[in-house]
Amino acid sequence: MSTVVYSPSLAGIPTSQLPFFPPKPVKFKSCRLISWYVNSVTISSNNGGKRARLQFSSRVTMCSSNPTSIPSAGNRQPKVVWIWTESKQVMTAAVERGWNTFIFPPDRRELANEWSSIALIHPLFIEEEKLFDSEGRRVATFYEVSSPQQLQLLQPVDKQPDNVIINLLDWQVIPAENIVAVFQSSQITVFAISKTPSEAQVFLEALEQGLGGIVLKVDDSIAVLELKDYFDRRNEDNNILSLTKATITQIHISGMGDRVCVDLCSLMRPGEGLLVGSFARGLFLVHSECLESNYIASRPFRVNANDNSIEPFLKGPVHAYVAIPGGKTSYLSELNTGKEVMVVDQNGKQRTAIVGRVKIETRPLILVEAKEAENGTLYSALLQNAETVALICPSRGSGFPNKAIPVTSLKVGDEILLKIQGGARHTGIEIQEFIVEK
């Protein structure tokens, strides 16, 4: 899965001005207490060749993580965003979001000067299928790719500038993956021209690592807002949630109810779960069904020709809240295929996962109540009453096994983890208002 860092923007150029330039070929047991262990803005110039490496403005860094290993800082790759546009509204929206590198056709220098007088921007200019800064230093070379033969010619070259901008005219996903593979050990930043935020996402997530940058070529400011929203959601993976210890005060068999089974398109690690609760003000960290027992195997398996990894994750009632990206909540009954949820571990590390399937079935439920020690507030969650449904306990530090307790084995006095937050919600967004939940 992935996170994001943002960088300045560039504007667009007509594809007709980007003919292909071939470069010279060169040289990721059943018991009460279940335990697990987790193994753990640079500008450089060469006056002779008039070359420059531009990495202006802020960056959107995308972190990719392998679900079978703990993400590390070494996996983080900065993603650069340039904007290509002649729309003042797009320019304003981009600059307000930290993207201030813009691309201009050769006949639009007056527009670049006009924008530079009202905003701090870094203009780049197209000349003969190359890109130059305002001092005439070459920054990048453009390549059009419309065939496998052209794609094969695109190889890292020692003497080429730091940046390559590709315009994929035919296929996008497979060529982007091939380019990521070829340039993975190169210091060259490869940009892809994207006409929509959806195209940008394809390029940023190719082969998990993604291309190094995006040239967003648009005339509608909504596209800038959507791309920034994508980066913001992915950047949540870098944030550590503050989880609170709470003590179980009551467990009560509640009878039958409609429960939601959520299957995700990601394999879970031991210790990860979803945040779920009857009240938005306090969500319980509920463990996935990735742990094996004497009676049922763990549930990671694959489906379809798309090779999606689907794992049965959580079983709670239809009315319950669940944490989703953006600090929002959703009702479990509102989840459906393609929606995103937040996966969290006992240390507060989080990542985004896509819902692959939701099943609603009638099952026996159990009411769990817990009290937070500091203010004595009570929180509750209704969950399916089954040995495979467990709550995650606080981490006890290195050298100790991490633990999850099945709801069928919970007892008063056990410690579990909660996410404490504001209780008032409107369409899942936290708001400030008087509210009583009980």
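The structure displayed is predicted, hence computed values, not measured ones.

Here we come to the overall build of the protein chain. Of regular secondary structure, the protein chain possesses six helices and 27 strands. Within the span of the protein chain, comprising 438 residues, buried residues form 52% of the whole. Total accessible area computed for the protein chain in this model is approximately 20000 Å², and 49% of it derives from carbon and sulfur atoms.

Moving on: the nonpolar core. Ranked by internal contacts, the top residues of the largest apolar core, which has 42 residues, are I166 and I179. Per-element tally for this core: the top contributor is helix α6 (residues 221-235), with five residues. Excluding residues within four positions of it along the chain, I179 makes contact with L151, L154, I166, L168, V190 and L211. In this structure, L335, V368, A386 and V389 belong to the second largest nonpolar core, which totals 35 residues.

Extensive coverage of strand β10 (residues 163-168) is indicated by the burial of six of its six residues. Residues N163, I165 and N167 line one face of β10 and the alternating positions V164, I166 and L168 line the opposite face, and both faces are buried. Bridge count for strand β9 (residues 138-145) against β10 is six bridges, and the pairing is parallel. Across the sheet, residue F142 finds its bridge partner in β10, namely I165. Bridge count between β10 and strand β11 (residues 189-194): four bridges; the pairing is parallel. If you follow N163 over to β11, its bridge partner there is T189. Chirality of the crossover, the property in question, places the unit of β10, helix α4 (residues 173-183) and β11 among those that are right-handed.

Running from N to C, helix α5 (residues 197-204) and α6 cross one another at 35°; their axes reach a closest spacing of 9 Å. The handedness of the crossing between α5 and α6 is right-handed. Along its contact with α5, which presents P197, A200, Q201 and L204, the element α6 presents A223, E226, L227, Y230, F231 and R234. Here the contact of α5 with α6 is composed, by residue class, of seven nonpolar, one polar and two charged.

Positive phi, close to 50°, is recorded for E128, a residue that is not glycine. Relative to the helices and strands, E128 resides in the loop between β7 (122-127) and β8 (130-132). Its relative accessible area of 67% is what places E128 among the exposed residues. Positive phi, normally seen in glycine, also occurs at L207, with a value near 50°.

This brings us to the environment of A386. Here A386 shows up in the loop between β22 (378-384) and β23 (390-392). Residue class for A386 comes out buried when judged on its relative accessible area of 12%. A C-alpha to C-alpha distance of 8.5 Å links A386 and L365, two positions 21 residues apart in sequence. If near-sequence neighbours (up to four positions away) are discounted, A386 is found in contact with V407 and T408.

Along α5, the residues that are buried comprise P197, E199, A200, F203 and L204. Taken end-on, α5 shows its buried residues confined to a sector of 155°, consistent with a single buried face.

Our next topic: the environment of I420. Assignment of secondary structure puts I420 in strand β25 (residues 415-420). Since its relative accessible area comes to 26%, I420 is described here as partly exposed. As for I420 and G282, which are separated by 138 residues in sequence, their C-alpha atoms are 4.6 Å apart. Not counting chain neighbours up to four residues away, the residues in contact with I420 comprise T244, R281, G282 and Y379.

The next subject is the pattern of salt bridges. In the structure shown here, the tally under the stated rule is 16 salt bridges. With its nearest N and O atoms 2.7 Å apart, the salt bridge here joins K228 to D232. Placement of the pair is K228 and D232 together in helix α6, with a separation of four residues, close to one helical turn. For K228, a relative accessible area of 13% corresponds to the buried category. In this structure, the salt-bridge partner of R259 is E361, at a minimum N-O distance of 2.8 Å.

Mapping R281 onto the fold places it in the loop between β14 (272-279) and β15 (282-287). A relative accessible area of 19% places R281 in the buried class. A polar contact of 3.1 Å, which involves the side chain of R281, links it to the backbone oxygen of L378.

Parameters at a glance
Residues numbered from 1 in each chain as written. Predicted model: local features only at pLDDT ≥ 70, side-chain atom pairs only at ≥ 80, totals over all residues. Heavy atoms only, no water. Helix = DSSP H or I, 4+ residues; strand = E, 2+ residues; numbered from the N terminus. Buried < 20%, exposed > 50% of the residue type's maximum accessible area, 1.4 Å probe, protein only. Areas by Shrake-Rupley, 256 points an atom, 1.4 Å probe, with all protein chains shown as cover. Core = buried A, V, L, I, M, F, W, Y, C linked by side-chain atoms within 4.5 Å. Contact = heavy atoms within 4.5 Å. Pairing = 2+ DSSP bridges. Right-handed = clockwise from strand over helix to strand, strands pointing away. Axes fitted to C-alpha atoms, helices over the stretch in contact; angles between N-to-C directions. Left-handed = near helix turned anticlockwise from the far one by under 90°. Nonpolar A, V, L, I, M, F, W, Y, C, P; charged D, E, K, R; others polar. Arc of directions from axis to C-beta. Salt bridge = Lys/Arg side-chain N within 4 Å of Asp/Glu carboxyl O. Polar contact = N/O pair within 3.5 Å; in protein donor to acceptor, adjacent residues only side chain to side chain.

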